Amino acid sequence: MREYISNGLLLGWLINPKTKQVEIYRQNQEVEILSNPQTLSGEDVLPEFILDLQPIF
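Each chain carries its own residue numbering, running from 1 in the direction its sequence is written. Since the coordinates come from a predicted model, pLDDT governs what is reported: local features require at least 70, and pairs of side-chain atoms require 80 or more to be given and counted, while whole-chain, interface and lining totals use all residues. The side-chain values count all of the structure's non-hydrogen atoms but skip hydrogen atoms and water molecules.

Across its full length, the chain carries 1 helix and 5 strands. Two things to know: the radius of gyration comes from C-alpha atoms, and the globule rule equals 2.2 Å times the number of residues to the power 0.38. In terms of overall dimensions, the chain is globule-like: its C-alpha atoms have a radius of gyration of 11 Å, near the 10 Å expected for 57 residues. Counting the 57 residues in the chain, one finds 19% classified as buried. The contact definition used throughout considers only heavy atoms, calling two residues in contact when any of these lie within 4.5 Å. For the chain, contacts bridging at least 24 residues in sequence account for 25% of all contacts bridging at least 6. Helix and strand definitions here come from DSSP, where helices need a minimum of 4 consecutive H or I residues and strands a minimum of 2 consecutive E residues; each element is numbered from the N-terminal end. Three labels apply to residues, based on accessible area from a 1.4 Å probe with only protein chains included: buried if under 20% of the type maximum, exposed if over 50%, partly exposed otherwise in between.

Moving on to the sheet that holds strand E2 (residues 21-26). Strand pairing is assigned whenever DSSP identifies at least 2 bridges connecting the two strands. Spatial strand order, E1-E2-E3: 3 strands in an open sheet with antiparallel pairing. In this open sheet, the two edge strands, each paired with only one partner strand, are strand E1 (11-16) and strand E3 (32-35). Taken pair by pair, the neighbouring strands of this sheet meet at an average axis angle of 20°, ignoring direction. Pairing of E2 with E3, which is carried by 4 bridges, proceeds in the antiparallel orientation. For Ile 24, the partnering residue across the bridge sits in E3 and is Glu 32. Note on geometry: axes are lines fitted to C-alpha atoms, helical ones only across the stretch in contact, with angles between N-to-C directions running from 0 to 180 degrees.

Our next topic: the pattern of salt bridges. By definition, a salt bridge exists where a carboxyl oxygen of Asp or Glu is found within 4 Å of a side-chain nitrogen of Lys or Arg. Tallied over the entire structure, the rule returns 2 salt bridges. Across the pair Glu 32 and Arg 26 runs a salt bridge whose closest N-O atoms are separated by 2.9 Å. Of the charged contacts in the structure, one is a salt bridge between Arg 26 and Glu 43, with a shortest N-O distance of 2.7 Å. With a gap of 17 residues between them, Arg 26 in strand E2 and Glu 43 in the loop between strand E4 (39-41) and strand E5 (50-52) connect regions that are remote in the sequence. Judged by its relative accessible area of 29%, Glu 43 falls in the partly exposed class. Linked through salt bridges whose partners overlap, the residues forming this network are Arg 26, Glu 32 and Glu 43.

Below, the discussion takes up the environment of Val 22. Locating Val 22 in the fold gives a position in strand E2. Look at Val 22 and you get buried, because its relative accessible area is 0%. In the structure, Val 22 is positioned 14 residues away from Asn 36 in sequence and 7.7 Å away in space, judged by C-alpha atoms.

Before going further, it helps to examine the confidence of the model for the chain. Every residue gets a pLDDT, meaning the predictor's confidence in that residue, from 0 to 100. Per-residue confidence for the chain gives a mean pLDDT of 96; residues scoring 70 or more make up 100%. At the level of individual helices and strands, the chain shows its lowest average pLDDT in helix H1 (residues 2-6), which scores 91, and its highest in E3, which scores 98.

Printed below as a string of structure tokens:
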């Protein structure tokens, strides 16, 4: 994911269904780790986009 960020990616999610964790990668920020989130927001990169994680977890 860091390589994608260094190549211009603004927002990336690394979803691990086994541990029910999500790593959120953003430009110029530390990785944020969420445990068992119900949804993910596209933030200002994809306004109004919401990913429902319930079918995945």
